[in-house]
Structure formats: structure tokens, C-alpha cells
Amino acid sequence: MINQMTIDGVKAVITYDSDIDMFRGEFLGLNGGADFYAQDAEGLRREGAISLQVFLDACKEDNVYPFKSYSGKFILRVPPEDHAAISLAASASGKSLNQWAVEILKQAAA
């Protein structure tokens, strides 16, 4: 299980840093880095909101789009025997390999 928190609509991964005895949050999908630290969930929400706002303000000031852009395409390499099994599963469900893979990946990401 990945520990996540959503702050103002932006997901962040939460980890524990034993060196400083604090939780660390790092926002995902930003066009740059924005992290935050706190000792509890309430503090993470508060510090995360501040960190995100500082990041968004800096992007606006620099006229930079704050979120990563995605083309909608990526290459996936699998062993040939897995490729065959995946293609058969897609065909058996009445879907193209692409349709089937998108459905499975969406389920996994949810």
C-alpha cells in the first residue's frame, strides 16, 4: 500500500523519515519539486497546503505551467510469453490489447 494524501486536489506520497522523526510528503505530477514535513496528519495537511501554494505562486510568477504534461503514449516491454498471454486475455474479453491494458492500468491506479 502506498501512503497518499490529497491536498487541494493534488496527490502526495507520504513517507516517514526516522532520521528527523517526522513524516515527509512529496507532491506527485508537478513540473518541479514541492515537499513538506510534519509530525502528524493534521500538520501534513497544513504544511502541504502551504508548500503547494508557494509552488503554485512561484510557477505563476515565472509563467510556468505547474503540472507535468503527458502525451498519452508510453512503451511497455514484456517478455514474449507474457505478451502472448496478455493478448489472449484481451481477445477473450472482446477488447483490443490497448483497450484491455488501459482498463487494467486504470483499475490498478485507482
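Worth saying up front: this structure is predicted, and the values here are computed from it rather than measured.

## Remarks on the environment of Glu-26
Reasoning step 1: Mapped onto the fold, Glu-26 is located in strand S3 (residues 22-27).
Reasoning step 2: Separated by eleven residues in sequence, Glu-26 and Thr-15 place their C-alpha atoms 8.6 Å apart.
Reasoning step 3: In contact with Glu-26, other than residues within four places in its own chain, are Lys-11, Ala-12, Val-13, Ala-34, Asp-35 and Phe-36.
Reasoning step 4: Among the polar contacts listed, one links the side chain of Glu-26 to the side chain of Arg-24, at a separation of 3.2 Å.

## Quick look at the sheet that holds strand S2 (residues 10-17)
Reasoning step 1: Spatial strand order, S1-S2-S3-S4: four strands in an open sheet with antiparallel pairing. Each having just a single partner strand, strand S1 (4-7) and strand S4 (35-38) make up the two edges of the open sheet. Recorded for the sheet is a direction-independent mean angle of 30° between the axes of neighbouring strands.
Reasoning step 2: Judged from the four bridges that link them, S1 and S2 form a sheet pairing that is antiparallel. Residue pairing in the sheet places Met-5 in a bridge with Ala-12 of S2.
Reasoning step 3: In the packing of helix H1 (residues 41-61) onto the sheet, contacts are made with S1, S2, S3 and S4, and the angle to S4 comes to roughly 150°.

## Side note on helix H2 (residues 80-92)
Reasoning step 1: With 13 residues, H2 extends 18 Å from end C-alpha to end C-alpha; this agrees with the ideal 18 Å at 1.5 Å per step.
Reasoning step 2: Phi turns positive one or two residues past the end of H2, at Gly-94, with a value near 75°.

## Quick word on the pattern of salt bridges
Reasoning step 1: Counted under the stated rule, the structure contains four salt bridges.
Reasoning step 2: Residues Glu-26 and Arg-24 are paired through a salt bridge, measuring 3.2 Å at the closest nitrogen-oxygen approach.
Reasoning step 3: The class for Glu-26 is partly exposed, based on a relative accessible area of 36%.
Reasoning step 4: Overall, the relative accessible area of 22% leaves Arg-24 in the partly exposed class.
Reasoning step 5: Shared partners join several salt bridges into a network, and the residues in it are Arg-24, Glu-26 and Asp-35.

## Quick word on H1
Reasoning step 1: Across its 21 residues, H1 extends 30 Å between first and last C-alpha, which sits within 8% of the 30 Å expected from 1.5 Å per residue.
Reasoning step 2: Within the sequence span of H1, burial applies to Gly-43, Leu-44, Gly-48, Ser-51, Leu-52, Phe-55 and Cys-59. Buried residues of H1 fall within an arc of 150° about the axis and therefore sit on the same side. Among the exposed residues of H1, those oriented more than 90 degrees off its buried face are Glu-42, Val-54, Lys-60 and Glu-61.
Reasoning step 3: On the buried face of H1, the contacting elements are S1, S2, S3 and S4.
Reasoning step 4: Within two residues after H1, Asn-63 carries a phi angle of roughly 55°, on the positive side.

Here is what the cut-offs are and how they apply
- Residues numbered from 1 in each chain as written.
- Predicted model: local features only at pLDDT ≥ 70, side-chain atom pairs only at ≥ 80, totals over all residues.
- Heavy atoms only, no water.
- Helix = DSSP H or I, 4+ residues; strand = E, 2+ residues; numbered from the N terminus.
- Contact = heavy atoms within 4.5 Å.
- Polar contact = N/O pair within 3.5 Å; in protein donor to acceptor, adjacent residues only side chain to side chain.
- Pairing = 2+ DSSP bridges.
- Axes fitted to C-alpha atoms, helices over the stretch in contact; angles between N-to-C directions.
- Expected span 1.5 Å × (residues − 1).
- Salt bridge = Lys/Arg side-chain N within 4 Å of Asp/Glu carboxyl O.
- Buried < 20%, exposed > 50% of the residue type's maximum accessible area, 1.4 Å probe, protein only.
- Arc of directions from axis to C-beta.

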